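Letter by letter, the chains look like this.
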Amino acid sequence: GEQVEQLPSILRVQEGSSASINCTYENSASNYFPWYKQEPGENPKLIIDIRSNMERKQTQGLIVLLDKKAKRFSLHITDTQPGDSAMYFCAASRNNNNRIFFGDGTQLVVKP
Amino acid sequence: ETAVFQTPNYHVTQVGNEVSFNCKQTLGHDTMYWYKQDSKKLLKIMFSYNNKQLIVNETVPRRFSPQSSDKAHLNLRIKSVEPEDSAVYLCASSYTGDQDTQYFGPGTRLLVL
């Protein structure tokens, strides 16, 4: 299988707190895991990605973790701001496959 | 800065009509994609295409077909639209394949009456 499961579907947090989104994948050959943010009325944009040779990656308040054994990866947003309110999609793909599979998305709402 | 262009922005049509959406990328990428995003914001890949191969998501109805004249263009044709085709259709491109960042266009919103 190639499904990517993403949870939660909706996440409400208070401004300044952290937010975590979790994804699991089925195919152990998957080796590339991007995260996309889609703001209302906009198109999805890549915010961070991680490849299978890494377990952790951090950039500008975003942390992604990858647990290959559990086939699980996650996005953590520290110190959330109202501007972080958006849809977030995880995805997984593997080499020479030319297919990418997206999770169903998480609607993040950051309350002031 | 927009580098993946889609036309039209919106299209309203009736059941059974044929529609065609255009997509052009100016990034020099080798691979282009079409996605369907429904009212629940679910993002489903429909096609990926580079100059070597077309990959079709097997769940895509046969009335959908991609059309490419060169690697910078990938259009989407729907032969006979159905109400469930109402959605936003997003075109994207990436440098080589699915291991690279995907750059999405602004989308074409289709409403089938």
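Up top is the structure these notes are about.
From a predicted model like this one, the values you see are computed outputs, not experimental measurements.

**Looking at the nonpolar core**
Counting 24 residues, the largest nonpolar core has V4(A), W35(A), F73(A), L75(A) and L108(A) as the members making the most contacts within it. Each residue touching V4(A), except ones within four places of it in the same chain, is listed here: C23(A), T24(A), Y25(A), F73(A), C90(A), A92(A), F101(A), F102(A) and G103(A). In this structure, V19(B), V60(B), V81(B) and A87(B) belong to the second largest nonpolar core, which totals 19 residues.

**Here's the deal with the interface of chain B and chain A**
Taken together, the contacts link 26 residues of chain B with 19 residues of chain A. Both faces combined, the contact of chain B with chain A buries some 1900 Å², and carbon together with sulfur accounts for 46% of it. One can count five residue pairs in polar contact (both at pLDDT 80 or more) joining chain B with chain A. Looking at the side of chain B that touches chain A, the elements with two or more residues in it are β4 (31–37), β5 (43–49) and β6 (54–56) of chain B.

**A word on the state of the cysteines**
As used in these notes, a disulfide is a covalent bond between sulfur atoms, one from each of two cysteines. All names here are of chain A. Scanning the entire structure with this criterion turns up two disulfides over all chains. Here C23 is linked by a disulfide to C90, with a sulfur-sulfur distance of 2.0 Å. Judged by the sign of its S-S torsion, about -100°, the cystine formed by C23 and C90 is left-handed. With C23 in strand β3 (residues 19–25) and C90 in strand β9 (residues 86–93), this pair connects stretches of sequence that are 67 residues apart.

**Considering unusual backbone geometry**
Here L7(A) and P8(A) are connected by a cis peptide whose omega angle stands at -5°. Among the secondary structure elements, P8(A) is positioned in the loop between β1 (4–7) and β2 (10–14). Cis geometry is found at the peptide bond from T7(B) to P8(B), where omega equals -5°. A positive phi is found at Q60(A), a non-glycine position, where the angle reads about 45°. Mapping Q60(A) onto the fold places it in the loop between β6 (56–59) and β7 (62–67). We classify Q60(A) as exposed; its relative accessible area is 79%. Phi angles above zero are rare outside glycine, and D79(A) is one such case at about 50°.

**Regarding the sheet that holds β6(A)**
Residue and element names in this part refer to chain A. Spatially, five strands are ordered β1-β3-β8-β7-β6 in an open sheet, and the strand pairing comes out antiparallel. Of all strands in the sheet, those bounded by a partner on one side alone are β1 and β6. Pairwise comparison of adjacent strand axes, ignoring direction, gives a mean angle of 15° for this sheet. Where β6 lies against β7, four bridges are found, and the strand directions are antiparallel. Following the sheet pairing, T59 is matched in β7 by L62.

**Considerations on the side chain of S74(A)**
Residue and element names in this part refer to chain A. Tracing the backbone through its elements, the reader meets S74 in strand β8 (residues 72–77). A polar contact is formed between the side chain of S74 and the side chain of H76, at a distance of 2.9 Å. Those residues in contact with S74 that sit more than four places away from it in its chain are I21, N22, W35, I63, V64 and L65.

**A short note on the packing of aromatic side chains**
All names here are of chain A. Tallying each qualifying case throughout the model produces twelve aromatic pairs over all chains. Both rings, one in F33 and one in F73, keep their centres 4.8 Å apart while their planes meet at 50°; by these two values the pair is tilted. With F33 in strand β4 (residues 32–38) and F73 in strand β8, this residue pair connects regions lying 40 residues apart in the sequence. Just as F33 is buried, F73 falls in that class too. Ring geometry for W35 and F73: centres 5.6 Å apart, planes at 65°, overall edge-to-face. One end of the pair, W35, is in strand β4; the other, F73, is in strand β8, with 38 residues separating them in the sequence. F73 carries the same exposure label as W35, and that label is buried.

Conventions used here
Residues numbered from 1 in each chain as written. Chains lettered and ligands numbered in written order. Predicted model: local features only at pLDDT ≥ 70, side-chain atom pairs only at ≥ 80, totals over all residues. Heavy atoms only, no water. Core = buried A, V, L, I, M, F, W, Y, C linked by side-chain atoms within 4.5 Å. Buried < 20%, exposed > 50% of the residue type's maximum accessible area, 1.4 Å probe, protein only. Contact = heavy atoms within 4.5 Å. Buried area = accessible area lost by both parts, 1.4 Å probe. Polar contact = N/O pair within 3.5 Å; in protein donor to acceptor, adjacent residues only side chain to side chain. Helix = DSSP H or I, 4+ residues; strand = E, 2+ residues; numbered from the N terminus. Disulfide = S-S within 2.5 Å. Pairing = 2+ DSSP bridges. Axes fitted to C-alpha atoms, helices over the stretch in contact; angles between N-to-C directions. Phe/Tyr/Trp six-rings, centres within 6.5 Å; stacked < 30°, edge-to-face > 60°.

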